[in-house]
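As a plain string of letters, each chain reads:
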Amino acid sequence: IDLWQKVRALSPDLVHECHQSGRTGKFFKLFSFFHGADYSFYNHHFGRSKDMGEWSGVKTPIIQKDLNGLYRYRGKGECPDYLSYPPRIELEQKPIREKAVILGVSSSAESKMWPLEYYVQLGQDLSKAGFKVKIPLSSSPKDLWIKERMKALGASRVEWIETSLERLPYEVAKATHYIGNDNGPKHLCAALGLKTLTLFGPIPPSEWHPYDREKHRYLYREPLACRTVKADFCALTKCDSMICLNRFGPKEVLEEFLRGVRW
């Protein structure tokens, strides 16, 4: 009811849903029926669409598919490039940046996590190169375990960022670079103006990476047959081999980072 009232207050004439699901599909169909708003959608996982046209056979970034669907449905204007829509966050008080790297060691799925022992070695190498190393972690049991595990592996010269979600952007914005998993902190860092180096494993960069490659670099190993068994990405949350990520060693990541450190 609360969502209904908020959408109604916007008085939309078109609702284009980028990540349609069963519940939201029912919601917006009812909303459009009662309030006269056109409704279009594209379901990434099942390929269902309304007024999207036929698939050309060329792999298209997910976010570009959303834009293509919307512009085809509207039937007017030149469709923009998805790279023109990176997230941006403006802070009320801008902190002073220091020569520091945020390491994004956690993730919602284990299959998207670079090995912790690699992060410990990378952190030590970054310290030797003159960078401060900062690691943001929540108070969840998983993140607490990650912290203790990294300490046991030898992570010593590390600043652990343990703060509220409200304060996290201000703490993160003090750094200049991000290296880590494809996760929420990565997008937060990019939105705050940090340069990023992302380690992609099961999900290809075209899934959720609307960023300039010059400022937001990434490492991604392809082709891998295991990644395309059911779709053009791997949906596993746990994986025994982790060949998509664990073959990037700390030395290789450090070299890629230093190669673009003046981005």
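Owing to the predicted nature of the structure, the values given are computational and were not obtained by experimental measurement.

Colleague: Requested: an account of the environment of Thr198, with residues and values cited.
Modeller: Along the chain, Thr198 turns up in strand 7 (residues 195–200). In the structure, Thr198 is positioned eleven residues away from His209 in sequence and 9.6 Å away in space, judged by C-alpha atoms. With near-sequence residues (within four places) excluded, Thr198 lies in contact with Gly180, Asn181, Asp182, Lys186, His209, Arg217, Tyr218 and Leu219. At a separation of 2.9 Å, a polar atom in the side chain of Thr198 contacts the side chain of Lys186.

Colleague: So what about the environment of Gly193? Which residues, and what values?
Modeller: Within the fold, Gly193 resides in the loop between helix 7 (184–191) and strand 7. Taking the C-alpha atoms as reference, Gly193 lies 34 Å from Asp13; in sequence the two are 180 residues apart.

Colleague: I'd like a rundown of the pattern of salt bridges, residues and numbers included.
Modeller: A full pass over the atoms with the stated rule returns eleven salt bridges. The salt bridge partner of Glu98 is Lys132, with a shortest N-O separation of 2.8 Å. With Glu98 in the loop between helix 3 (62–74) and strand 3 (100–104) and Lys132 in strand 4 (residues 132–136), the pair connects residues that are 34 residues apart, well separated along the chain. On the accessibility criterion, Glu98 (23% relative accessible area) is partly exposed. Here Lys147 and Glu162 are joined by a salt bridge, their closest N and O atoms 3.0 Å apart.

Colleague: Quick one: what's the story with helix 5 (residues 141–152), residue by residue and with numbers?
Modeller: If you check helix 5, its first and last C-alpha atoms are 16 Å apart, about what twelve residues at 1.5 Å a residue would give, namely 16 Å. Among the residues making up helix 5, those that are buried are Asp143, Ile146, Lys147 and Met150. In an axial view of helix 5, the angular spread of the buried residues amounts to 100°, which keeps them on one side of the axis. Summarising the geometry of helix 5, the exposed residues directed more than 90 degrees from the buried face are Pro141, Trp145 and Ala152. For helix 5, the secondary structure elements touched by its buried residues are helix 4 (116–128), strand 4 and strand 5 (159–161). Gly154 lies just past helix 5 and shows a positive phi near 110°.

Colleague: Tell me about the state of the cysteines, and please be specific about residues and values.
Modeller: One pass over the structure, following the stated rule, counts zero disulfides. No disulfide involves Cys226; its sulfur sits 6.4 Å from that of Cys234, the nearest cysteine. Overall, Cys226 belongs to the partly exposed group, its relative accessible area being 44%.

Colleague: Would you mind going over the pairing of strand 6 (residues 177–181) in detail, with residue names and values included?
Modeller: In terms of burial, strand 6 is a largely internal element, five of the five residues being buried. Sheet topology note: the strand 6/strand 7 ladder contains five bridges and is parallel. If you follow Asn181 over to strand 7, its bridge partner there is Leu199.

Colleague: Any details on the confidence of the model for the protein? Residues and values, ideally.
Modeller: In the predicted model, the protein carries a mean pLDDT of 87, and the fraction of residues at 70 or more is 91%. Averaged pLDDT values over the elements of the protein bottom out at 77 in helix 3 and peak at 98 in strand 4. Taken together, the stretch residues 51–56 has pLDDT below 50 and engages in ten contacts with residues farther than four places along the chain or on a different chain.

Colleague: Lay out the nonpolar core in plain terms, naming residues and giving numbers.
Modeller: Membership of the largest hydrophobic core comes to 30 residues, with the highest contact counts inside it found for Leu103, Val105, Leu126, Met150, Ile179 and Val253. Ranked by the residues each element gives to this core, the list is headed by helix 4, at five residues. Ignoring anything within four residues of it in the chain, the contact list for Val105 reads Met113, Leu116, Tyr119, Ile135, Leu137, Ile146, Met150 and Asn181. Val172, Ala173, Tyr178 and Cys189 belong to the second largest nonpolar core, which has 14 residues in total.

Colleague: Explain the sheet that holds strand 5 to me, and be specific about the residues and the numbers.
Modeller: Read from one edge of the open sheet, six strands run 5-4-3-6-7-8, paired in parallel fashion. The open sheet has two edge strands with one neighbour each: strand 5 and strand 8 (216–220). Pairwise comparison of adjacent strand axes, ignoring direction, gives a mean angle of 20° for this sheet. Relative to strand 8, strand 7 runs parallel, the two sharing five bridges. Residue pairing in the sheet places Leu197 in a bridge with Arg217 of strand 8. Against the sheet, helix 4 makes contact with strand 3, strand 4, strand 6 and strand 7, and its axis sits at roughly 175° relative to strand 3, the strand it touches most.

Cut-offs applied
Residues numbered from 1 in each chain as written. Predicted model: local features only at pLDDT ≥ 70, side-chain atom pairs only at ≥ 80, totals over all residues. Heavy atoms only, no water. Helix = DSSP H or I, 4+ residues; strand = E, 2+ residues; numbered from the N terminus. Contact = heavy atoms within 4.5 Å. Polar contact = N/O pair within 3.5 Å; in protein donor to acceptor, adjacent residues only side chain to side chain. Salt bridge = Lys/Arg side-chain N within 4 Å of Asp/Glu carboxyl O. Buried < 20%, exposed > 50% of the residue type's maximum accessible area, 1.4 Å probe, protein only. Expected span 1.5 Å × (residues − 1). Arc of directions from axis to C-beta. Disulfide = S-S within 2.5 Å. Pairing = 2+ DSSP bridges. pLDDT = per-residue confidence, 0-100. Core = buried A, V, L, I, M, F, W, Y, C linked by side-chain atoms within 4.5 Å. Axes fitted to C-alpha atoms, helices over the stretch in contact; angles between N-to-C directions.

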